[in-house]
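# Descriptive analysis of the structure
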Amino acid sequence: MSDGSVFINQNLLWPVILVGLVLWGVFIWKEWSQRKERRFWVKLVAAFLAIVSLVMIVLKPSTWQKSTSGKGIVLTEGYRPAQLDSLKSIYKRIQTEEYTKGTPFSILKDVDSLFLLGQGLAPFDVWRLQDKSIAFMGGKKIEGWTTISHENKIPFGEKLHLNAKHSNPKTGHWAILADNGGNPLDSVSFEEVNEQRIQLSAEPKASGQFVYRLLEKDSEGNIISEEPLPIQVVEGKPLKILMVNTFPTFETKYLKNFLTDKGHQVMARTQLTKGKYKFEYFNGASNPIYGFTEENLKEYDLLVIDTDSYIALGRSSKEAMEEAMRIHGLGVFIQPNESLFRLTQRQSPFQFDRDFITEITLGVPVQSAQKYPFEFKNDVRTQKIMIDSVQVAAYVPMEKGKIGATVLQNTYQWILDGSEALYANIWTQILKSITKEQKQKIAWKAITETPRINEPFEFEVRTSMNGIEVATDEGAHIPLIQNSLVPSKWKGVKYPRKSGWNTIEVSNDTVSKFSYFVFDKNQRKSITLSERLKTNYWEFGAQKGFQRIASSSHKELEPISPIWFYMILLLCLGWLWLEPKLGN
């Protein structure tokens, strides 16, 4: 498709035309004596065509043509050689380039359509191909650990819970959780499946920074793979918890025992008759509470109240509870019974739909859990609490505080069945999501999940301080970007230079240090490739065959072949040379 013609040597247009006219005028003057003969006009036309051909050769006429720059191949880690050979057999002499993290592509200036082979680009390099037409072909199947998740910071006295997925596990191999000294703490054997979910747990014996290990060993005890598990065990402050019940239940009894065993201060109030209560105090708790006031609730971190007591609250007690949530950050957990699911929107912050499901499966190995036949209604304010990708509870923010509930019932049965770890994991996750948040002058958050040497590590810091400066452990300052909508939120990027534990800190508050662990290039490799694969599928989509890529196009000048002008010139000059001889 063309769009008109132009001359490449447009600046020579008029000089060349003038010279051509002069040449033609000289020819006419030379042959003027033969003007009455027929051959004069034939030679005049031949001379004109020869001069025009010369003019065209000099000016180089061209046309605008719609053109595609062509296709290319980018090879990333984990590409399949057979796939590359197939592409090269279809597209002869196609350009190929291997991807190197953080390096610009030299191939981009010559192509506008790319086959992307392998596990894809690192997330911080995806922008380099944004204006190109991409067919992402994927790569070899990832084997090994594809997911490893655990809490990076846990209070002393609580267990470390590790959840992981292994692709293509081998029968006879073992997954072992080991401490920083290499001592095995928990283990599970692999099964012959495509992907196996694994849960391991252990209770740290001291506080501090540790690097536990997730080992894969064969049947002879040889280490096949080893992944670091960086954790910080901090001295946790005991929570002050108030438990209020209309009458004693097994659910309350076992939850109370679980909380007191963790060292929390618990005061339990159970109603005996109207106006008479039984009080129990654990781990230093004291001072009985009869009616709720903002003053006596503000000291507590968590209020656990059963549904009947919640419904029976008087107007003043309910208002005091809500004030304690809004102003002082109190967390409230409502222990459910059938009455909770029948409350109106005015009576309860939660609304439910009946789903008729009375049992769900949780944990590894899978265990059944009883639940009420209801589910939380999807609402903008309602925040889900998920366990193993299953919603088991939810909470509603109340300014500084939260109020939550669950659809699980009879969870104490797990303890009777010997599944104390599952019981502890679920209740820890639920109550931690609702409990009053501890006040922090500076709060840090790592955005990059797997920091690596010389790669961008993004972090976020929240503080009410003005004009903060963040420095590395080497003393270098890190520039920050302030969030335009939330002025207390700042974002920064650091390029770590060493593996292992690194720290950053606010220059004028060295107490609030933030520690993070930097992995070397051989650690968490399969996990990084798995996450990279997901990112590239999200960015570029998936193409399963070698279909034609929709190329982006542009217009460029394409010269008309000069061979036609040379042929006309030779024919005309040949005729002008031969004609006098024929005449003689």
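Each chain has its residues counted from 1, following the order in which its sequence is written. Totals for whole chains, interfaces and linings use every residue, but because this is a predicted model, local features are given only for residues with pLDDT of at least 70 and side-chain atom pairs only at 80 or more, for both listing and counting. Note that the side-chain values use all heavy atoms of the structure and ignore hydrogens as well as water.

## A word on a nonpolar patch on the surface
On the surface, a nonpolar cluster with roughly 510 Å² of combined accessible area is contributed by Val42, Trp575, Trp577, Leu578 and Leu582. With 4 residues, helix 11 (residues 563-583) is the largest single contributor of residues to the nonpolar patch. Only DSSP runs of H or I reaching four residues or more are called helices, and only runs of E reaching two or more are called strands; each is numbered from the N terminus. Structurally, Leu582 can be placed in helix 11. Patch definition: residues with relative accessible area over 30% and no salt bridge; like charges joined within 9 Å; nonpolar side chains (Val, Leu, Ile, Met, Phe, Trp, Tyr) joined within 5 Å. Each accessible area is a Shrake-Rupley result for a 1.4 Å probe, and residues are judged covered by the shown protein chains and nothing else. For this analysis, a salt bridge means a side-chain nitrogen from Lys or Arg found within 4 Å of a carboxyl oxygen belonging to Asp or Glu.

## Remarks on the side chain of Thr270
Secondary-structure assignment places Thr270 in strand 16 (residues 265-273). For every residue, the accessible area obtained with a 1.4 Å probe (protein chains only) is divided by the maximum for its type, and the residue is called buried under 20%, exposed over 50%, and partly exposed between those limits. For Thr270, a relative accessible area of 10% gives the class buried. Here Thr270 is in contact with Asn245, Phe247, Pro248, Lys276, Tyr277 and Lys278, once residues within four sequence places are set aside. For this analysis, residues touch if any pair of their heavy atoms sits within 4.5 Å.

## Description of the pattern of salt bridges
Summed over the entire model, instances satisfying the criterion amount to 18 salt bridges. For Arg197, the salt bridge is made with Asp388, and the minimal N-O distance between the two is 3.5 Å. Linking Arg197 in strand 12 (residues 195-202) with Asp388 in the loop between strand 24 (383-387) and strand 25 (390-398), this pair joins segments that are 191 residues apart in sequence. Looking at Arg197, the relative accessible area reads 37%, which means it is partly exposed. Classification of Asp388 as partly exposed rests on a relative accessible area of 24%. With a closest N to O distance of 3.2 Å, Lys298 and Glu295 form a salt bridge. The class for Lys298 is partly exposed, based on a relative accessible area of 25%.

## A word on the pairing of strand 21 (residues 359-362)
Judged by which residues are buried, strand 21 turns out to be one-sided: Ile360 and Leu362 face inward and are buried, whereas Glu359 and Thr361, on the alternate face, are not. Think of it this way: DSSP has to see at least two bridges between two strands before they count as a pair. As judged from the 4 bridges shared by strand 21 and strand 22 (residues 367-370), these two strands associate in the antiparallel manner. Counted as the bridge partner of Glu359 is Gln370 from strand 22. Adjacent in sequence and paired antiparallel, strand 21 and strand 22 are bridged by 4 residues, among which Gly363 carries a positive phi angle near 80 degrees.

## So, the sheet that holds strand 9 (residues 160-167)
Strand order across the open sheet formed by 3 strands is 7-9-12, with antiparallel pairing between neighbours. At either margin of the open sheet sits one strand with a lone partner, and together these are strand 7 (144-149) and strand 12. Here the strands of the sheet are splayed against their neighbours by 25 degrees on average, with no regard to which way each runs. Bridge count for strand 9 against strand 12 is 8 bridges, and the pairing is antiparallel. Directly across from His161, in strand 12, lies its bridge partner Ser201. For helices, the axis comes from a line fit to the C-alpha atoms of the stretch in contact; other axes are also lines fit to C-alpha atoms, and the angle between any two N-to-C directions lies between 0 and 180 degrees.

## Overview of the packing of helix 1 (residues 13-31) against helix 2 (residues 38-59)
Running from amino to carboxyl end, helix 1 crosses helix 2 at an angle of 160 degrees, the nearest separation of the two axes being 10 Å. Taken as axis vectors, helix 1 and helix 2 run roughly antiparallel relative to one another. As helix 1 packs across helix 2, the resulting crossing turns out to be right-handed. From helix 1, Leu13, Val16, Gly20, Leu23, Trp24, Phe27, Ile28 and Glu31 reach across to helix 2, where they touch Phe40, Lys43, Leu44, Ala47, Phe48, Ile51, Val55, Val58 and Leu59. Among the residues making up the contact of helix 1 with helix 2, the classes are represented as 14 nonpolar, 1 polar and 2 charged. Under this scheme an angle from 65 to 115 degrees is roughly perpendicular, one under 35 degrees roughly parallel, and one over 145 degrees roughly antiparallel; angles in between are oblique. Note on convention: near helix rotated counterclockwise from far helix by under a right angle means a left-handed crossing. Clockwise means right-handed. Under the scheme applied here, ten amino acids are nonpolar (Ala, Val, Leu, Ile, Met, Phe, Trp, Tyr, Cys and Pro), four are charged (Asp, Glu, Lys and Arg), and all others, including Gly, are polar.

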